[in-house]
Amino acid sequence: MRHMSEIDTPNAGAPDNLTDEPLRRALGERYLQYALSTIMNRALPDARDGLKPVHRRLLYAMRELKLDPSSGFKKCARVVGDVIGKYHPHGDTAVYDALVRLAQDFAVRYPLVDGQGNFGNIDGDNPAAMRYTESRLTAVATALLEGLDEDAVDFRATYDGEDAEPVVLPAAFPNLLANGANGIAVGMATSIPPHNVGEICNALLHLLKHPNARLESLIEHIPGPDFPTGGELVEPPEAILEAYRTGRGAFRLRASWEKEDLGRGAYQIVVTEMPYQVQKSKLVEKLADLINAKKIPLLGDVRDESAEDVRLVLEPKSSKVDPGLLMEALFRNTDLEVRVPLNMNVLKDGKTPGVATLPEVLQIFLDHRRDVLLRRAAHRLGKVTHRLEVLEGYITAYLNLDRVIEIIRTEDEPKPVMMAEFELTEVQTEAILNMRLRSLRRLEEMQLRSEREALLDERAQLIELSGSAEKQWSKVAEQVREVRDKFGPKDPNGVRRTRFGEAAELDDAPLLEAMVEREPVTVICSQNGWIRAMKGHVAPDAEVKYKDGDGPMFRFHAETTDKLMLFASNGRFYTLETSKLPGGRGMGEPVRLMIDLGEGDDLVDLFVHEPGAKRLVASSDGNGFVVAEADAVAQTRAGKQVLAAKAPATALVAAKVEGDTVVSVGENRKMLVFPLSELPEMGRGKGVRLQKFAQGGLADVRVVDGAAGVSWSDPAGRVRTEPDLAEWRGARASAGAPVPRGFPRDGRFSG
């Protein structure tokens, strides 16, 4: 039987390390620790050297393996093993993937690893296993590591405490901007495209010369990213400026292409440079799918003729196809154009994440270089001072060589005797006692005096450097120039690859035509709003079936490249693409499924959009105005509000402007004729009064050629014309006169 104390105690028998705390707080604290670990130790780069911990540990491990550019290669498996065993306790696949990317010249603008073997390609093929590939450091990586042996940066213990690793690299090379970075942390992400190192160095030198330089002046040196795969940057300069000002934005990047003449008017398009991080094989598959689906009829065929270089051949459907129009259609529908994001979210001091602007990133690098310079100078000063102390002891020994030899031969403890007799330090005495006999030559004494003079000069320079900010910045500028001379335009790899251009401004109409195969159709819309497009131009008297209780409303000829404009009783215009209408085999589909048309709103008019045409829109209460069709085109399903009618009035008509005279008919069967010039042209609004009504409202309105008169259809389908309109002419907003004899009783021009 259990004791009562065991029953009453909640944690009876529980381990001593259990604590009671709310679940919300426990989860919050632990998730925050995970988030901070991800941000600082995995996802975001350090603004000073532009590296994440895994990259930094990779380079340091390769340096410890002495894999400098002049040495031989070592298996990548050896490198990865050292990294995960000594510095980075994570999976070998993640580490090898990071190593591979640093070696890919199509992924990294200035590779940090020189790879030997299969490291993948721009098609997206995977690299060989790490046991088959070999690697060593590049000259760029050596520049990042330069100064590690001279106390240039702090070191910290590795994860197991058995070794030490650098907190940050000295980074003589501006790696953050030059190679860029990508990463997704918890609640934040970073995306920095690569830039040209020669341009970065020019901007750094300008910032050193003008510490408060404006962003506009820095942009003159860094006009935009420079991608390893080249391409054409078509982002407007003002957008690039704003992106660098805020640290956030995006860049439109297009593939580079050229037109090759094949003779007799035939040609083909050759893509020579791919957009950044676009896999060529997947792009070819996408283009092939578009051809098979006839999504871009202007494109006939695609071939990949690439070898070492990129050569993607695009064959047009015919030689009459405009190459610019074809490429614009491809840019909009494939990865031949991409948007490369910019989000300069970095660890500004190695610990604090934040979005930095371009001037901030440059200044952080310069400040880091100055700190490295001062630490290396202090380290060198200590070495010089120690060496001078030793040299002074050597020279003293040469001046008293016989006595020094006598003391060493006769004294059991020569060290304290020499220190007392010649006033030597312990360091000097120890150096003399460890000196080799062959160093007692006269020539050696002369070399020591010469070395002392040189070191005295160097010490004076180091002391002067440590005390002068002007000399420090001058030295930093000298180092930046060295980097520019070594890796900038003088190096074939340092020449800018990405060119600047402008995206052609093309109308949507020719682009839509490029996307759709042009075919004749007959658009049919019923009274209940069921719409379809029958192939070919069906004769007007051809029989067409409708659902029970439904009937014809709109029927006209069009082409698959046309846009349709639908005017509804709510005063909104909606835009439909003819190519996306359902086929004519069935009864069609409700137009309300294609646009956001309310249940209480009716269809008023449906017609083919003509970019240069105008429409007279009017409401049932007799107000109206002229609107250009181009201004009424809607970009969304919600349509575009044009005519504002106050309930209970509704939109009634959208008559095409085909003359100079307005003919308005009221429900009271009175007709008014007045000049079109008396109506305003607007983009949106209520409009002005067309006609004055004693009772009722507007029945119909048309715009006609005043000299030709006005025509209408009688109930029998015959067209009648009234050529002389003098009887009905008057000022806008007047009452008018009774309609002509034979005019339809419903007051509308067509039955």
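Residues numbered from 1 in each chain as written. Predicted model: local features only at pLDDT ≥ 70, side-chain atom pairs only at ≥ 80, totals over all residues. Heavy atoms only, no water.

## A word on the overall build of the chain
Put simply, the rule reads: Starting at the N terminus, helices and strands are each numbered in turn, a helix being any DSSP run of H or I of at least four residues and a strand any DSSP run of E of at least two. Between the two quantities, the radius of gyration covers C-alpha atoms and the globule rule is 2.2 Å times the number of residues to the power 0.38. Relative accessibility thresholds used throughout: buried, under 20% of the residue-type maximum; exposed, over 50%; partly exposed, between the two (1.4 Å probe, protein chains only). Here, two residues are considered to be in contact whenever any of their heavy atoms come within 4.5 Å of each other. Two residue types count as positive, namely Lys and Arg, and two as negative, namely Asp and Glu; His and chain ends fall outside the count. To locate a charge, the coordinates of NZ of Lys, CZ of Arg, CG of Asp or CD of Glu are taken.
When its secondary structure is counted, the chain shows 20 helices and 35 strands. Taking 2.2 N^0.38 as the reference for a compact globule, 751 residues should give roughly 27 Å; the C-alpha atoms of the chain span a radius of gyration of 41 Å, well beyond that estimate. Projecting the C-alpha coordinates of the chain onto the three principal axes gives extents of approximately 150 × 100 × 50 Å. Expressed as a percentage of its 751 residues, the buried residues of the chain come to 46%. Residue pairs at least 24 apart in sequence account for 68% of intrachain contacts in the chain once pairs closer than 6 positions are excluded. In the chain, 98 side chains carry a positive charge and 114 a negative one; their mean positions are 4 Å apart.

## Quick notes on the packing of helix 4 (residues 76–87) against helix 5 (residues 92–103)
Test applied: Fitted lines through C-alpha atoms serve as axes, helices being fitted only where they are in contact, and the angles separating the N-to-C directions of these axes extend from 0 to 180 degrees. Each angle is binned into one of four classes, with values under 35 degrees roughly parallel, values over 145 roughly antiparallel, values of 65 to 115 roughly perpendicular, and all other values oblique. We call a crossing left-handed when the near helix sits turned anticlockwise from the far one by less than a right angle, and right-handed when that turn is clockwise.
At a minimum axis separation of 10 Å, helix 4 and helix 5 run at an interaxial angle of 120°. Accordingly, the angle class assigned to the pair helix 4 and helix 5 is oblique. Between helix 4 and helix 5 the crossing geometry is right-handed. Contacts between helix 4 and helix 5 pair Cys76, Val79, Val80, Val83 and Ile84 from the former with Asp92, Val95, Tyr96 and Leu99 from the latter.

## Observations concerning the pairing of strand 34 (residues 719–722)
Put simply, side chains in a regular strand alternate between the two faces of the sheet. Applied cut-off: Pairing between strands is defined by DSSP: at least two bridges between them are needed.
Where strand 33 (residues 710–713) meets strand 34, 4 bridges bridge the pair, whose relative direction is antiparallel. Bridging across to strand 34, Trp712 finds its partner in Arg720. Taking the residues that link successive antiparallel strands as the turn, the strand 33-strand 34 hairpin has 5 residues, and the phi of Gly717 there is positive, at about 90°.

## A few points about helix 8 (residues 197–209)
Worth spelling out the cut-off: A helix's residues, less one, multiplied by 1.5 Å, set its expected span. Here a polar contact means two N or O atoms within 3.5 Å. Within protein one must be a hydrogen donor candidate and the other an acceptor candidate, and residues neighboring in sequence count only if both atoms are side-chain atoms.
Taking 1.5 Å of rise per residue, 13 residues should cover 18 Å, and helix 8 covers 18 Å from first to last C-alpha, within 8% of that figure. The buried fraction of helix 8 is high, at 10 of 13 residues. Packed against the buried residues of helix 8 are helix 7 (175–179), helix 9 (215–219), helix 13 (358–399) and helix 18 (469–487). In this structure Asn196 caps helix 8, since a side-chain oxygen of it lies 3.0 Å from the backbone nitrogen of Gly198.

## A short note on helix 16 (residues 426–433)
Test applied: Summarising the geometry, the arc corresponds to the directions from the helix axis toward the C-beta atoms.
Taken together, the buried positions of helix 16 are occupied by Gln428, Thr429, Ala431 and Ile432. Looking straight down helix 16, one finds that the buried residues subtend no more than 160° of arc, so they occupy a single side. Structurally, helix 16 contributes buried residues whose contacts are with helix 13, helix 14 (401–410) and helix 15 (414–422).

## Comments concerning the sheet that holds strand 26 (residues 623–628)
The strand order across the open sheet formed by 4 strands is 28-25-26-31, and the pairing between neighbours is antiparallel. Each of the sheet's edge strands pairs with one partner strand only, and the pair in question is strand 28 (651–656) and strand 31 (688–689). As judged from the 2 bridges shared by strand 26 and strand 31, these two strands associate in the antiparallel manner. Note that in strand 31 the partner of Gly624 across the bridge is Val688.

## Considering the packing of aromatic side chains
Our working definition: Each aromatic pair joins two rings of Phe, Tyr and Trp (for Trp, the six-membered one) with centres within 6.5 Å, and gets the label stacked for planes under 30 degrees apart, edge-to-face for over 60, and tilted for any other angle. For a lysine, the NZ atom is tested; for an arginine, the CZ atom; a charge sits over a ring if that atom is within 6 Å of the ring centre and within 35 degrees of the ring normal.
Under the definition given, this model contains 10 aromatic pairs. Ring geometry for Tyr60 and Phe155: centres 6.0 Å apart, planes at 65°, overall edge-to-face. Taken together, the residues Tyr60 in helix 3 (residues 53–64) and Phe155 in strand 4 (residues 155–157) connect sequence positions 95 residues apart. Ring centres of Tyr244 and Phe251 lie 5.9 Å apart, and the angle between their planes is 45°; on these two criteria the pair is classed as tilted. The same class applies to Tyr244 and to Phe251, which are both buried. Counting every residue linked through ring pairs, the aromatic cluster contains Tyr60, Tyr87 and Phe155. Sitting over the face of the ring of Tyr110, Arg109 holds its NZ or CZ atom 4.6 Å from the ring centroid. Looking at Lys259, its charged tip hangs above the ring of Tyr267, at a distance of 4.8 Å from the centre.

## So, the side chain of His195
As for its placement among the helices and strands, His195 is situated in the loop between strand 7 (189–192) and helix 8. A relative accessible area of 0% means that His195 is categorised as buried. Residues contacting His195, with those up to four places away along its chain left out, are Arg109, Tyr110, Leu177, Ala178, Ile200, Ile222, Gly224, Pro225, Asp226 and Tyr244.

## Examining the packing of helix 3 against helix 5
At a minimum axis separation of 10 Å, helix 3 and helix 5 run at an interaxial angle of 75°. Compared by their axis directions, helix 3 and helix 5 come out roughly perpendicular. Contact residues: Val54, His55 and Leu58 in helix 3; Val95, Ala98, Leu99 and Leu102 in helix 5.

## With respect to empty space enclosed by the protein
This is how the line gets drawn: Using protein atoms alone on a 1 Å grid, points that fit a 1.4 Å probe yet trap it form a cavity, whereas open point sets bounded by protein on both sides within 12 Å along at least five of seven lines form a pocket; residues with an atom within 4 Å of a point count as lining. Grid points are joined across faces, edges and corners, and a volume is the space filled by probe spheres set on the points. When residues are grouped by polarity, Ala, Val, Leu, Ile, Met, Phe, Trp, Tyr, Cys and Pro land in nonpolar, Asp, Glu, Lys and Arg in charged, and all others, Gly among them, in polar.
Tallied over the full model, the rule gives 3 cavities of 30 Å³ or more. Considered as a void within the structure, the largest cavity measures approximately 70 Å³ in volume. In this structure, the largest cavity is lined by Ala47, Arg48, Asp49, Gly50, Pro174, Asn175, Leu176, Leu177, Ile200, Val361, Leu362 and Phe365. Where the lining of the largest cavity is concerned, the elements lending two or more residues are helix 7 and helix 13. Of the residues contributing to the lining of the largest cavity, the split by class is 8 nonpolar, 2 polar and 2 charged. Counted as a void, the second largest cavity has a volume near 50 Å³. In terms of lining residues, the second largest cavity is bounded by Ala172, Pro174, Cys201, Phe365, Arg369, Val476, Gln479, Val480 and Val483. If you tally residues by element for the lining of the second largest cavity, the top one is helix 18, at 4 residues.

## As for the pattern of salt bridges
Where we set the bar: Salt bridges, as used here, are contacts in which a Lys or Arg side-chain nitrogen is within 4 Å of a carboxyl oxygen on Asp or Glu.
Enumeration according to the criterion identifies 48 salt bridges in this entry. For Glu165, the salt bridge identified is with Arg156, shortest N-O distance 3.7 Å. Classification of Glu165 by relative accessible area gives buried; the value is 4%. A relative accessible area of 33% means that Arg156 is categorised as partly exposed. Residue Arg303 pairs with Glu305 through a salt bridge whose shortest N-O separation is 3.0 Å. Assessed through its relative accessible area of 27%, Arg303 is described here as partly exposed.

## Some words on the nonpolar core
The following threshold applies: Think of a nonpolar core as a cluster: buried Ala, Val, Leu, Ile, Met, Phe, Trp, Tyr and Cys residues, connected wherever their side-chain atoms sit within 4.5 Å.
One finds Phe173, Tyr244, Leu314 and Leu362 to be the most contacted residues of the largest nonpolar core, which totals 134 residues. Considering every element that reaches this core, the biggest residue donor is helix 13, with 16 residues. With residues up to four places along the chain from it excluded, the contact list for Leu314 reads Gln268, Ile269, Val271, Leu287, Leu299, Asp301, Val302, Met327, Leu330 and Leu336. Val521, Phe556, Leu597 and Leu606 belong to the second-largest nonpolar core, a separate cluster that totals 20 residues.

## Brief notes about the sheet that holds strand 29 (residues 661–666)
If you walk across this open sheet you meet the 4 strands as 32-29-30-35, and the pairing is antiparallel. Of all the strands in the sheet, just strand 32 (698–704) and strand 35 (737–738) have a single pairing partner and so form its edges. Pairing geometry for strand 30 (residues 670–675) and strand 35, over 2 bridges, is antiparallel. Bridging from a neighbouring strand, Lys670 pairs with Pro738 of strand 35.

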